[in-house]
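A structural walkthrough
So you can see what is in the structure, the chains are spelled out below.
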Amino acid sequence: MENNNDMGELKSTNKKQVLLFYCVECEELARKVAAHSQLITLQSINWRSFDDGFPNLYINNAHDIRGQHVAFLASFSSPAVIFEQLSVIYSLPRLFVASFTLVLPFFPTGSFERMEEEGDVATAFTMARILSNIPISRGGPTSVVIYDIHALQERFYFGDHVLPLFETGIPLLKQRLHQLPDADKIVVAFPDDGAWKRFHKLLDHFPTVICTKVREGDKRIVRLKEGNPADCHVVIVDDLVQSGGTLIECQKVLLAHGAAKVSAYVTHGVFPKRSWERFTRKNDGSEKGFAYFWITDSCPHTVKAIENTAPFEVLSLAGSIADALQI
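Residues numbered from 1 in each chain as written. Predicted model: local features only at pLDDT ≥ 70, side-chain atom pairs only at ≥ 80, totals over all residues. Heavy atoms only, no water.

Looking at an unreviewed UniProt entry, the chain carries the name ribose-phosphate diphosphokinase, with the source organism given as Hibiscus trionum. Under the UniProt heading Catalytic activity (unreviewed entry), the entry covering the chain gives this text: "D-ribose 5-phosphate + ATP = 5-phospho-alpha-D-ribose 1-diphosphate + AMP + H(+)". Looking at the Sequence similarities (unreviewed entry) heading of the UniProt record, one finds this comment for the chain: "Belongs to the ribose-phosphate pyrophosphokinase family." (UniProt positions renumbered as here; feature names shortened; annotations may be inferred.)

What follows is the structure, given as structure tokens:
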């Protein structure tokens with residue numbers, strides 16, 4: 001019987017060479033992923049369109065990828081780009097590859113998972129069904145790597161023909177917080193019970209504050225539910241941001257309760273309609289802005305838009321993705 005040392009050595013030598021394809025908007029992230037590991041080689045696809053607007057696609061070196069471990073880095077940033085990427089995602093496993101992995105850092109319909117009344121369409125479930133029907137490759141089911149999916153129950157939306165691998169960006173945040181000069185004064189705040197449920201175990205060595213939303217008439221008001229932010233650098237943690245209204249309300253409450261400064265972290269900076277602009281620093285001193293606003297590069301359009309703009313800082317998923325491709 002092999003002892004543990006032998007098993008460890010076997011694991012370390014048993015690394016996969018991975019051929020990584022990517023969509024147009026993920027090119028920068030794909031290059032960073034490849035830079036993290038000599039085992040990852042970038043591949044290319046010709047993304048063109050016919051005159052009627054439908055995709056005209058070509059996978060380069062299709063013959064040479066036979067018997068290789070293949071991955072595709074996707075970004076479903078709008079319905080317009082999903083079809084062309086799905087066409088490639090459904091094709092790659094059928095090219096006699098040894099295994100196929102789909103990396104979809106942001107699962108975009110994640111916040112539409114509830115049916116409040118008959119007639120509501122849970123598009124998160126639709127998206128999971130589409131991904132569950134990716135053809136199996138020679139190596140078996142497709143692995144689907146997703147970061148911080150919005151609702152934890154969504155992991156059960158996927159069928160048995162794919163293997164969803166749920167990763168998190170929180171280790172990147174922890175690493176960054178330890179580098180701060182006031183690392184010993186950090187308090188983590190959760191904007192609601194949902195965020196606390198998802199993340200508190202990953203951040204349990206930090207003191208915590210929990211906010212809650214209460215309804216007053218037609219308004220939803222953010223209140224402090226538990227914890228003490230006084231004199232601390234409070235970091236609000238959530239999985240994604242859209243308009244950012246909740247984060248701003250949460251920040252006001254924390255400052256009113258004596259927080260020295262407030263920062264925010266979200267894995268997915270969606271920011272439709274350039275809503276990130278409301279977080280850029282105020283210069284007139286009338287309102288205290290966020291000290292830092294950390295996002296990952298799961299939403300490439302946002303990363304481009306906020307480049308070199310305070311208080312934003314991008315924590316790249318590249319190293320984490322490179323590691324996930326070895327699983």
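Structure's up, so let's keep going.
**Digging into the packing of aromatic side chains**
Overall, the coordinates contain 14 aromatic pairs when judged by the stated rule. Here the aromatic rings of Phe290 and Phe293 are separated by 6.0 Å at their centres, their planes lie at 40 degrees, and the arrangement is tilted. Phe293 shares its class with Phe290; the two are buried. Between Phe293 and Phe312, the aromatic rings sit 5.1 Å apart at their centres with planes inclined by 40 degrees, giving tilted as the arrangement. With Phe293 in strand 14 (residues 293-296) and Phe312 in strand 15 (residues 312-315), this residue pair connects regions lying 19 residues apart in the sequence. Across the pair, Phe312 and Phe293 agree in class, each one buried. Chaining the aromatic ring pairs together yields one cluster made of Phe271, Trp276, Phe279, Phe290, Phe293 and Phe312. (Phe/Tyr/Trp six-rings, centres within 6.5 Å; stacked < 30°, edge-to-face > 60°. Buried < 20%, exposed > 50% of the residue type's maximum accessible area, 1.4 Å probe, protein only. Helix = DSSP H or I, 4+ residues; strand = E, 2+ residues; numbered from the N terminus.)

**What about the sheet that holds strand 14?**
An order of 11-10-9-12-13-14-15 is seen for the seven strands of this open sheet, with the pairing classed as mixed. Lying at the two open borders of the sheet, with one neighbouring strand each, are strand 11 (219-226) and strand 15. Each strand of the sheet is rotated relative to its neighbour by a mean of 25 degrees, with strand direction disregarded. Judged from the eight bridges that link them, strand 12 (residues 233-241) and strand 13 (residues 261-269) form a sheet pairing that is parallel. (Pairing = 2+ DSSP bridges. Axes fitted to C-alpha atoms, helices over the stretch in contact; angles between N-to-C directions.)

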